[in-house]
Amino acid sequence: MDYRDLIARGDMDAVMHALPDHWHGIVSVACARAGLDIHGQKPLARTIKGGRAICDAVKRYGRIWQTGSWQRSVGHFHYAAELVHAGVIGKIKYVEVGLPDGGGSGVLPVTPVPERLNYNMWLGPAPWRDHVALNGDTVHWNWRWVMDYSGGQLTDWAGHHIDIAHWGLGFDKTGPVAVTEAKGVYPTEGTYDVPTAYRFKNTYANGVEMVVANASQQPHGMGACWYGENGQWIHVNRGGHSASSPDILKTRLGPNDKRLYKSTDHHQNFLDCVKTRKETITPVETAHRSISAGLLGEIAMQTGRDLKWDPVNETFIGDPEANRYLSRPMRTPWAL
Amino acid sequence: MENCFKLITAAVISLMILNTATFAEITPEEIAKITSAAPSKAPAKPKTARKLLVFNLCEGFAHSSIPYVAKALEIMGEKTGAYTTVISDKMEVFRPEYLRQFDAVCFNSTTRLSFKDPALRKSLMDFIKGGKGIVGIHGATDNFYTWPEAAEMMGGTFDGHPWGGGGTWAVQIEDPTHPLMASFKGKGFKVNDEIYRTKTINLRDNARVLMGLDLTDQTTGSANGIKPSDVDIAISWVKNYGKGRMFYCSLGHNHHLTWTPSVLEHYLAGIQFAMGDFPVDVTPLPFKAKPKYDITALVDDIIHYDYGQSRKSLMAMNEAIRDAKTAQDRLGLEKALWKVLSADNATMAGKMFACRKLREIGTEQSAVPLAGLLLDPKTSDMARYALESIEGKAVDTVLIMALKQLDGDAKIGVINTIGRRGDQGEPVMVLAGLVNGQKEMADAAVTALGKIGGPVALSALLKAKDSAKGDLKNAILDTCLICADDMAKKGHNKQANRLYQLFASTDNPINIRKAALRGMIMSSEDSQAEIIKGLRADDEVLQLIAISMLNTVDGSQVAIAAANELQRLSPPMKVKLLSALGERGDQAVGLVVMEALKDADKAVQVAAIMALVNVGGPNTVIPLAKRAATSSGDEQKVARNTLYRLKGKAVDDVITESIMSTQGDVKAELIKSVNNRNISDAVLVLLIVASDATDNNISREVHSAIQKVANPEMLPALISLLIQGKVSSRSDMEKTIVAVSKKENDSDRQVAPILAALPKVDNQNDKVSLLMVLGKLGNNNALPVLRAALKDSDPITKTSVIRALAGWPNAGPMEDLFLVAKNDSSANNQIVALRGYIKMATYPSERSSAESVEKLSQAMALANRSEEKRAVLAALPSLASKEALALAEKSLSVTSLQSEAKLAVEKIKKIIAGSKIKVSASLNNNNANLAIDGKMETRWDTGTPMKPGMWFQVDLGFANTVNSMTLDAKGSAMDYPQGYKVYASNDGENWGDPIAAGKGESAVLKIDFKQPVNSRFFKIEQTGSSDDKYWSIHEMTIGF
């Protein structure tokens, strides 16, 4: 079914999309324009300008937006980020973000397009290439290992652990001022072309440094780990949370501490906000900033140079060529 | 000839001790290979009959290739008629009268030659300077260390070989057109040989280097032992010397080179040059490092690239682009990419790659090379991929041309790209003309005009909007709003506001209208007034928008003004406004929000309570406490949450002060909030309440709050309250003392205040209370006191102590309890003590499991009732051992204990089985344990693709009943057995028929047996085959 037909029904209040990344921008903007509230998936968009277009449309039409960065609605992620946010380990100096290693592999032969698939539509704004069976007889899941559709583990997970790291730091509405020391390992063989290993450093205006890398290059592996000025740290991951000393995790924050938005059910939070018109726990600007911090690293790896970033105007400073990476030309007839 | 070989062999044998080199006898097959590989025709016709002296003497290391090279040179001379050969290793051959018959001398890997005899030195120098030739193969530079003139004549001396004979190294040809290099067809190549590093002597000034190592090759450039100074590693060279000539080639360590045609041909050409038959250019050339990338080759690879193929060349191009720092270098690469665009045979994937790269580094100059692709509908998209982000008029021009020439989809793409680029010039009018045309084209034109913006585009859009209908009209309106947003973003608020007003009219679709209204508020000079206007409007759409825009205006004035409108709104709008005020959090609206607590509508009241979290203050405390005390359900939950989250120390103070002045449920709510807010300053007030609380509810709340906020320093005060009898509930106070004591990390210090107070206590009840507290804390320092109290004449005290000891958290009082169980006059005391004793027998201790079982055995003997006997049986599995099993089995025959005994026996057996499991495998047996180590990340695997007959075996230690086995290969998802059969055995030798068989189908294979099987050994045999998949078991679990 064509998403445009769905929107044209006119009897829906909200939409929850589950699309390959390269489709996020177009569909989200169309939904916002149609007056729908949106539960979108992370990463917000495949490009920084695509993400900004979504933010603008959501704002223009006064829509409620929730992102699938569901870790924010899980108790121990909330607790860890809240401790950091409340200053329990002092001023944060350094953050380590570990995302998964690897990616897909193998050469997928060109195959006939399955009858039930509208391949041209699936490809949408991405450059044309002949159909390969990405996942048995479907195109699901493995699109994330092709740069035209996704950015691999890095962009898949930036909306999780960078998102959490930003949350604790209070960076939901800003971004780094520089991205440096970027290094990606791109496979030379096989259909998949996303980096299988990656590492880069984001520096923020207040001097906080965040090193994002695949887990095997990080001391704490997967997750987010904040380091305070006195060397104390808090680490959080799907399995749980830990800290440089157990006392840190006994902290119970009170009414006079800086607290973070609380949700215990990510989907319910969206539905509640659709009704109350309050902001969700992961609004669109937040999602945009979370993935931007990953996409900036992607661009630094691709250009092979250190980049200066203006998080207000969202352009690279003094590097017009790097600015070309902020959007991608779209295949006919798509435009955003 | 034969003599020569014998001599060589003799010389080598004498050196073998030093060099361990052995000469293999050259075989007839090898001679045949050499003969066949030798060129059949010489590159030059000899001017006269030529004679070559091949000299083989080694005073240093002797290469085993020497006889091979000698034989090859001889065969080449014969086969082509270029020369005849004499082979020798005698210094005498350099005597002038003998030497003169030759046209050239070949030093065939001779080593450490010193030419001590000056006459012979002179003879050799006269020979070459007088017009003859010298040829050097491989080790020929490893000579003349004491004869500088000859060393320079050779070009230098040997200086190690980081590129050993076992490796394969990349060679680059310096001048592909040089006649001596003809055999290599002008192309670099890889060779498996030992390559010398030469300490050159004026080599680049006097000789033409023909080929050298290609150190940009990763293997060659990173060979073991390589130095930073290894840049120019020459392999072959030629030079004039006096009237004569010299040719050297360092290839020739490995035998196979003598049956490599290109190498033999190179040798022959070099020999003919040295003999004077083949004049070639010997002009020295400086060393020129090979560029890191061969762009021509890369372009060729890109032209032929297709999806799915290796991207090595693509990545090399990426790297070249990253390395190109100057505009000139980048332009060079840009131009190279044009070659892909214009190549007739370039693949679509190749062209697309070129376009991707031009998107990254292309300049205006790429506009024309891309134009051809742009105008072809098949490649138009990819051309736009490059052009869209390249700035410059030239690109605009090409796009306008395409806009005029193209039609259909390709034209839509061009329109999109023009929109993205925001060309405010010529295209605007063309696009404006398209808005009334074909639908898809019109849509694209509208979007593009919106992106371009500016007065011309905007007026075109505004003009089009009136006549447009349906989707197109919506698109135009949406686009106009985007233009207005852009204006506002740029600070042109007045203009933007006029535009928004235009779209806010009620005849526009509701979404557009709402967005326009939002825009109007945002761009207004007085946003606050607009918001208030919206709230006052008799239109809920406007009201809602006004509310949703509240948080876009700074300063609390707007909140106050909005709050004042609260009363005129409908209840649902009140709820929304209260919630928005709460989100903003201006304390200035606190009073208005508190007023709303009295609203007639329940939902409004709840919204007000929620909003107070951020706008309420100290004066909100009592109303909230009252609300919490008088409501239930969600309302109560919300009221409490607000009370617990109100900010500020002043709030804490009001709560604390109000506790004494309030009564009943309100008081209880305030105490609850002390607990939740962790107000430690409130502890004294709490103690007062605790001392005279008569209300059970309040007593419970106050104790819970004390437990939370009191620190261990308060313990003496708490104890004295207890002793003075100033407690409403003794058991609550005991719990509180225990809880506060436990906040102290040091266990000895936990009990110290109680031990200090105990001797002063007269009242029997107080004493019992404190003893009970000591029992809960379980610190061994308290044991002597408790033991002493066991002798207390008061039966209540005694019973309390026994209970305290029975609940002790470690086995400290175990023997005391045994004695009580054995000797106490009260049956009840006996039972309590015995139960404690049984429990303690299972606590971790230094006893062996057998000794612990003995303790339980004693308990069994002591127990009068079957309840305690059953408790013993229930405790046995935690000691799972042979002895425990025996003890449990004893009770199997006792009717009243049968079912517990049976259960215990089964449990013990299972546990023993688990700890005794041994595994083995037909392959990688050492790693078999990794399948039962409890770690999913480790695995046992076959290390080779699956073949029938591979097996994995389990020994349970003794026969046990097994229902299923699960083989988990999740970490190596495809490595499940292709097929399997399971066998069972009691001796590990006789297996019988399979008890289960089947096929693995996914990462986790659960094999359910048709019926439970009682056996000690189980074997899983793999029965299928795979070409590439191993059999892996990350974790195996046995289903008992």
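Just so it is clear, the model here is predicted, and its values are computed rather than measured.

## Some points on the overall build of chain A
Point 1. Secondary structure summary: chain A contains nine helices and 12 strands in total.
Point 2. Since a compact globule built from 336 residues should have a radius of gyration of about 20 Å, the 20 Å found for chain A is in line with a globular shape.
Point 3. With the C-alpha coordinates aligned to their principal axes, the bounding extent of chain A is approximately 60 × 50 × 40 Å.
Point 4. Looking at the 336 residues of chain A, the share that counts as buried comes to 61%.
Point 5. The contacts in chain A between residues at least 6 apart in sequence include a share of 68% that link residues at least 24 apart.
Point 6. Carbon and sulfur atoms make up 53% of the accessible area of chain A, which amounts to about 12,700 Å² in all.
Point 7. The average position of the 35 basic charges and that of the 34 acidic charges among the side chains of chain A differ by 4 Å.

## With respect to helix α38 (residues 747-757) of chain B
Residues and elements named next belong to chain B.
Point 1. All of the buried residues in α38 are Q750, V751, I754 and A757. Taken end-on, α38 shows its buried residues confined to a sector of 110°, consistent with a single buried face.
Point 2. The N-terminus of α38 is capped by D746, whose side-chain oxygen sits 2.9 Å from the backbone nitrogen of D748.

## Description of the interface of chain B and chain A
Point 1. Taken together, the 56 residues of chain B in the interface contact 50 residues of chain A.
Point 2. Summed over both sides, the interface of chain B with chain A buries roughly 4,400 Å², with 44% coming from carbon and sulfur.
Point 3. Applying the counting rule to chain B against chain A returns six salt bridges.
Point 4. Close ionic contact of K312 of chain B with E189 of chain A constitutes a salt bridge, the shortest N to O distance being 3.9 Å.
Point 5. Summed over the shared surface of chain B and chain A, the result is 30 residue pairs in polar contact (both at pLDDT 80 or more).
Point 6. With seven residues, helix α21 (residues 470-489) of chain B is the single largest residue contributor to the side of chain B that touches chain A.
Point 7. Across the side of chain B that touches chain A, the residue classes break down as 17 nonpolar, 12 polar and 27 charged.

## Considerations on unusual backbone geometry
Point 1. Between K42 of chain A and the following residue, P43 of chain A, the backbone shows a cis peptide bond with an omega angle of -5°.
Point 2. Checked against the element boundaries, P43 of chain A lands in the loop between β2 (37-40) and α3 (48-60).
Point 3. The amide bond that connects T332 of chain A to the next residue, P333 of chain A, takes the cis arrangement and shows omega of 0°.
Point 4. For P333 of chain A, the location among the structural elements is in the segment after α9 (320-323).
Point 5. Despite not being glycine, K185 of chain B shows a phi value in the positive range, around 55°.
Point 6. Position of K185 of chain B relative to the elements: it lies in the loop between β6 (168-173) and β7 (189-192).
Point 7. A positive phi angle is found at N924 of chain B, which is not glycine, with a value near 50°.
Point 8. As for its placement among the helices and strands, N924 of chain B is situated in the loop between β12 (918-921) and β13 (940-941).

## Points about the sheet that holds strand β1 (residues 14-16) of chain A
All names here are of chain A.
Point 1. Taken in spatial order, the three strands of this open sheet run β1-β2-β3, and their pairing is parallel. The open sheet has two free edges, formed respectively by β1 and β3 (65-67), since each of these has just one partner strand. Each neighbouring strand pair of the sheet contributes to a mean axis angle of 10°, computed without reference to strand direction.
Point 2. Relative to β2, helix α7 (residues 266-276) is tilted by about 165°, and along the sheet it contacts β1, β2 and β3.

## A word on the packing of aromatic side chains
Point 1. In this structure the tally under the stated criterion is 28 aromatic pairs over all chains.
Point 2. Pairing F55 of chain B with F107 of chain B gives two aromatic rings, centres 6.3 Å apart and planes at 90°, and the pair type is edge-to-face. One end of the pair, F55 of chain B, is in strand β1 (residues 51-55); the other, F107 of chain B, is in strand β3 (residues 104-108), and 52 residues separate them in sequence. When sorted by exposure, F55 of chain B lands in the same class as F107 of chain B, which is buried.
Point 3. Every member of this aromatic cluster is reached through a ring pair, and the members are F55, F94, F107, F115, F144 and W147 of chain B.
Point 4. Seen from the ring of W141 of chain A, R144 of chain A lies directly overhead, with NZ or CZ sitting 3.6 Å from the centre.
Point 5. We note R112 of chain B situated over the ring of Y145 of chain B; from NZ or CZ to the ring centre the distance is 4.5 Å.

## Comments concerning the pairing of β6 of chain B
Residue and element names in this part refer to chain B.
Point 1. Within β6, five of the six residues are buried, which leaves it mostly tucked inside the rest of the structure.
Point 2. Relative to β7, β6 is paired through four bridges, and the arrangement is antiparallel. Note on β7: the bridge partner recorded for T168 is N192.
Point 3. Relative to strand β9 (residues 208-213), β6 runs antiparallel, the two sharing three bridges. Counterpart to Q172 in the pairing with β9 is G212.

## Examining the confidence of the model for chain B
Residues and elements named next belong to chain B.
Point 1. Mean pLDDT over chain B works out to 91, with 98% of the residues at or above the 70 mark.
Point 2. A low-confidence stretch, residues 1-22 stays under pLDDT 50, and its non-local contacts, those more than four residues away or across chains, total 23 contacts.
Point 3. Interface confidence for the predicted complex, given as ipTM, is 0.97, next to a pTM of 0.71.

## Re the pattern of salt bridges
If the charged atoms of two oppositely charged side chains come close together, the side chains can form a pair.
Point 1. Under the counting rule described, the total for this entry stands at 80 salt bridges over all chains.
Point 2. Salt-bridge contacts for D217 of chain B lead to K190 of chain B; the nearest nitrogen and oxygen are separated by 3.2 Å. One end of the pair, D217 of chain B, is in the loop between β9 and α8 (218-221); the other, K190 of chain B, is in strand β7, and 27 residues separate them in sequence.
Point 3. The exposure class assigned to D217 of chain B is buried, which follows from its relative accessible area of 14%.
Point 4. Notably, a salt bridge pairs D599 of chain B with K574 of chain B, separated by 2.8 Å at the nearest N-O pair. Separated by 25 residues along the polypeptide, D599 of chain B in the loop between α28 (590-595) and α29 (602-615) and K574 of chain B in helix α27 (residues 571-584) bring together distant segments of the chain.
Point 5. Relative accessible area serves as the criterion here: at 8%, K574 of chain B is assigned to the buried category.
Point 6. It is possible to trace a salt-bridge network through shared partners that takes in R52, E285, R289 and E314 of chain A.

## With respect to helix α31 (residues 633-645) of chain B
Given 3.6 residues to a turn, an α-helix orients residues that are three or four positions apart in the same direction.
Residues and elements named next belong to chain B.
Point 1. If you check α31, its first and last C-alpha atoms are 18 Å apart, about what 13 residues at 1.5 Å a residue would give, namely 18 Å.
Point 2. Within α31, the full set of buried residues consists of E635, Q636, V638, A639, T642, L643 and Y644.
Point 3. Among the structural elements, α29, α30 (621-630), α32 (649-661) and α33 (664-677) are those in contact with the buried residues of α31.

## A short note on the packing of α21 of chain B against helix α23 (residues 510-523) of chain B
Residue and element names in this part refer to chain B.
Point 1. Closest axis-to-axis distance for the α21/α23 pair is 10 Å, and the angle between their directions is 10°. Relative to α23, the element α21 is oriented roughly parallel. Along its contact with α21, which presents N474, L477, D478 and L481, the element α23 presents I512, A515 and A516.
Point 2. Across the contact of α21 with α23, the residue classes break down as five nonpolar, one polar and one charged.

## Describing the side chain of R289 of chain A
Point 1. Locating R289 of chain A in the fold gives a position in helix α8 (residues 284-303).
Point 2. The exposure class assigned to R289 of chain A is buried, which follows from its relative accessible area of 6%.

## Some thoughts on the packing of α32 of chain B against helix α34 (residues 683-692) of chain B
Residue and element names in this part refer to chain B.
Point 1. The contact between α32 and α34 brings their axes to 10 Å, and the two run at 20°. Overall, the two elements α32 and α34 adopt an arrangement that is roughly parallel. The two elements α32 and α34 cross, and the hand of that crossing is left-handed. Contacts between α32 and α34 involve T656, I659 and M660 on the former and, on the latter, V685, L686, I688 and V689.

How each quantity is defined
Residues numbered from 1 in each chain as written. Chains lettered and ligands numbered in written order. Predicted model: local features only at pLDDT ≥ 70, side-chain atom pairs only at ≥ 80, totals over all residues. Heavy atoms only, no water. Helix = DSSP H or I, 4+ residues; strand = E, 2+ residues; numbered from the N terminus. Rg over C-alpha atoms; globule rule 2.2 N^0.38 Å. Buried < 20%, exposed > 50% of the residue type's maximum accessible area, 1.4 Å probe, protein only. Contact = heavy atoms within 4.5 Å. Areas by Shrake-Rupley, 256 points an atom, 1.4 Å probe, with all protein chains shown as cover. Lys, Arg positive; Asp, Glu negative; His and termini not counted. Charge placed at Lys NZ, Arg CZ, Asp CG, Glu CD. Arc of directions from axis to C-beta. Polar contact = N/O pair within 3.5 Å; in protein donor to acceptor, adjacent residues only side chain to side chain. Buried area = accessible area lost by both parts, 1.4 Å probe. Salt bridge = Lys/Arg side-chain N within 4 Å of Asp/Glu carboxyl O. Nonpolar A, V, L, I, M, F, W, Y, C, P; charged D, E, K, R; others polar. Pairing = 2+ DSSP bridges. Axes fitted to C-alpha atoms, helices over the stretch in contact; angles between N-to-C directions. Phe/Tyr/Trp six-rings, centres within 6.5 Å; stacked < 30°, edge-to-face > 60°. Lys NZ or Arg CZ within 6 Å of the ring centre and 35° of its normal. pLDDT = per-residue confidence, 0-100. Expected span 1.5 Å × (residues − 1). Parallel < 35°, antiparallel > 145°, perpendicular 65-115°, else oblique. Left-handed = near helix turned anticlockwise from the far one by under 90°.

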